[in-house]
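What follows is the residue order along each chain.
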Amino acid sequence: MKHELPKLPYGYDSLEPYLDAKTMEIHYNKHHQAYIDNLNKALEKHSKLFEKKVEELLVNGLEAVPEEIKLIVRNHGGGHVNHSLFWQIMTPDIRAREFKGEIADAIKDKFGDLDKFKEQFSASAMGRFGSGWAWLIINQNKELEIISTPNQDSPLMEGKIPLLGVDVWEHAYYLKYQNKRADYIREWWSVVNWKKVNEIYMDSLK
Ligand code: MN
C-alpha cells in the first residue's frame, strides 16, 4: 500500500501562539506530503516494499532497501516517520501537556528534574548544525538518552526508539521565529504532549 499522510490530530491553529497556523499548514501539508510523495515514487520500482511499514524499511540501517533507493528512502522515509511522530507528541489539550506518569519519573531519575532535562535536550537541539532533530530515545538497554540526528535520519535506523523529538529544520520555525531557534525551542516545550510520550514510553518497554 502506498504511504499516506496521517491525519493531523488537531487544527493548524491549535498550537497557537507557540506554533503559528501558517507554519503548521505548510509544514504538514507541503513538507510532510512531499516526503511521502518522494518515498512512494522511490518504492514504485520495488513495489514489494509497499508491504512494509515505513518503520520496517528504516531499521538496521535500511538493510531491506535496495542500494539504488537507499538514500531516498533514508531521507524521505525518515522525513515521513519523523513528522508522523512530531504531530503526535504535540497537543492543544492542556491536560495532556502535564508532565506526569512513568515517563516523568524516569526522566527525573535519569536527568535530575524536568528543568535539567529540558536544558540538556535544548542544548542538543541548539547544537545540531544545519538541519535535523533532537530526540529523547530508549536505547537497546531500555535506558533514556538524548541524541541528535542530521537531516531526516531517524533513531530507528540505529535501533533506538524515539519518544520525543523536536524538528530544528528552519521550515519548522522560520516564519514566526526567523533565525531565533532558541526562542522556538523554548516555546515548543509548552505544547509537548506528555500523555502521548508516556504511552510511547510504556509501549517501548514491552
Ligand atoms: Mn519538518
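Owing to the predicted nature of the structure, the values given are computational and were not obtained by experimental measurement.

Rules of the game
- Here, residues in each chain are numbered from 1, in the same order as that chain's written sequence.
- In view of the model being predicted, local features appear only for residues whose pLDDT reaches at least 70, and side-chain atom pairs are presented and counted only at 80 or more, with totals across whole chains, interfaces and linings using the full set of residues.
- Only heavy atoms go into the side-chain values, all of them from the structure, while hydrogens and water stay out.
- Any N, O or S atom lying within 2.8 Å of the metal counts as a donor, and for Na, K and Ca the limit rises to 3.2 Å; water is left out, so some sites can look incomplete.
- A run of DSSP states H or I qualifies as a helix once it reaches four residues; a run of E qualifies as a strand once it reaches two. Both are numbered from the N-terminal end.
- The domain limits used here are those given by an automatic or database domain assignment.
- Accessible-area loss on putting two parts together, using a 1.4 Å probe and summing over both, is the definition of buried area adopted here.
- One side-chain nitrogen of Lys or Arg within 4 Å of one carboxyl oxygen of Asp or Glu is enough to make a salt bridge.
- In the scheme used here, Gly and all other residues not listed as nonpolar or charged are polar, with Ala, Val, Leu, Ile, Met, Phe, Trp, Tyr, Cys and Pro taken as nonpolar and Asp, Glu, Lys and Arg as charged.
- If DSSP finds at least two bridges between two strands, the strands pair.
- Axis lines are fitted through C-alpha atoms, for helices just across the contact stretch, and the angle between N-to-C directions can take any value from 0 to 180 degrees.
- For each residue, the accessible area found with a 1.4 Å probe, counting protein chains only, is set against the maximum for its type, and the residue is called buried under 20%, exposed over 50%, and partly exposed in between.
- Throughout, the arc means that of the directions going from the helix axis to the C-beta atoms.
- Working rule for contacts: check all heavy atoms of both residues, and any pair within 4.5 Å makes them a contact.
- Left-handed describes a crossing whose near helix is turned anticlockwise from the far helix through less than a right angle; right-handed describes the clockwise counterpart.
- Think of a nonpolar core as a cluster: buried Ala, Val, Leu, Ile, Met, Phe, Trp, Tyr and Cys residues, connected wherever their side-chain atoms sit within 4.5 Å.

Draft legend 1. Broad picture of the coordination of the manganese ion. Bound to the manganese ion are the protein donor atoms His 27 (NE2), His 83 (NE2), Asp 167 (OD) and His 171 (NE2), situated 2.0 to 2.1 Å from the metal. We note that the donor set of the manganese ion lies within a single chain, spaced as H-x55-H-x83-D-x3-H. Of the two residues, His 27 sits in helix α1 (residues 21-43) while His 171 sits in the loop between β3 (161-167) and α6 (174-177), which places them 144 residues apart along the sequence.

Draft legend 2. Molecular detail of the domain arrangement of the protein chain. Partitioning the protein chain into structural domains gives domain 1 (21-88) and domain 2 (95-204). Spacing between the C-alpha centres of domain 1 and domain 2 amounts to 20 Å. For the pairing of domain 1 and domain 2, the buried interface totals around 1700 Å² over both sides, and the portion due to carbon and sulfur atoms is 62%. Counting the surface domain 1 buries against domain 2, the share from its top three residues, Asn 82, Leu 85 and Phe 86, is 32%. We note a salt bridge from Arg 74 to Asp 153, for which the minimum N-O separation is 2.9 Å. Listed by contribution, the elements that provide at least two residues to the side of domain 1 that touches domain 2 are α1, α2 (54-62) and α3 (67-88). Per element, the largest residue contribution to the side of domain 1 that touches domain 2 is 10 residues, and it comes from α3. Looking at the side of domain 1 that touches domain 2 residue by residue, the class counts come to 8 nonpolar, 11 polar and 3 charged.

Draft legend 3. Region of interest: the sheet that holds strand β2 (residues 144-150). Strands sit in the order β2-β1-β3 across an open sheet of 3 strands; the sheet is antiparallel. Edge positions in the sheet fall to β2 and β3, since each has one partner strand and no second. Here the average twist between neighbouring strands, direction ignored, is 25°. Both strand β1 (residues 132-138) and β3 contribute to a ladder of 6 bridges, which runs antiparallel. Across the sheet, residue Ile 138 finds its bridge partner in β3, namely Ile 161.

Draft legend 4. Seen up close, helix α8 (residues 194-204). Burial in α8 covers these residues: Trp 194, Val 197, Asn 198, Ile 200, Tyr 201 and Ser 204. Summarising the axial view, the buried residues of α8 lie within an arc of 165°, below the 170-degree limit, and thus occupy one face. Buried residues along α8 sit in contact with α3, α4 (102-111), α5 (114-127), β1, β2 and β3.

Draft legend 5. Quick peek at the pairing of β1. Of all 7 residues in β1, 7 are buried, a share of seventy percent or more. With burial as the criterion, each face of β1 is covered, one bearing Gly 132, Ala 134, Leu 136 and Ile 138 and the other bearing Trp 133, Trp 135 and Ile 137. As paired strands, β1 and β2 are joined by 7 bridges and run antiparallel to one another. Looking at β2, one finds that Ile 137 is bridged to Glu 145.

Draft legend 6. The packing of α5 against helix α7 (residues 181-188), seen in detail. Following both chains from N to C, one finds α5 and α7 inclined at 145°, their axes separated by 10 Å at the closest point. Seen along the crossing, α5 lies across α7 with a hand that is right-handed. Within the contact between the two elements, α5 uses Phe 121, Ser 122, Ala 125 and Met 126 and α7 uses Arg 181, Ala 182, Ile 185 and Trp 188. Class assignment for the residues of the contact of α5 with α7 results in 6 nonpolar, 1 polar and 1 charged.

Draft legend 7. Region of the structure containing the nonpolar core. Membership of the largest hydrophobic core comes to 45 residues, with the highest contact counts inside it found for Phe 117, Leu 136, Leu 164 and Trp 188. Looking at this core, the element that brings in the most residues is β1, giving 6 residues. When neighbours within four sequence positions are excluded, Trp 188 is seen to be in contact with Phe 86, Ile 89, Met 90, Phe 121, Leu 164, Gly 165 and Val 166. The next biggest cluster of nonpolar side chains, apart from the first, holds 15 residues, and it includes Val 65, Ile 69, Leu 156 and Met 157.

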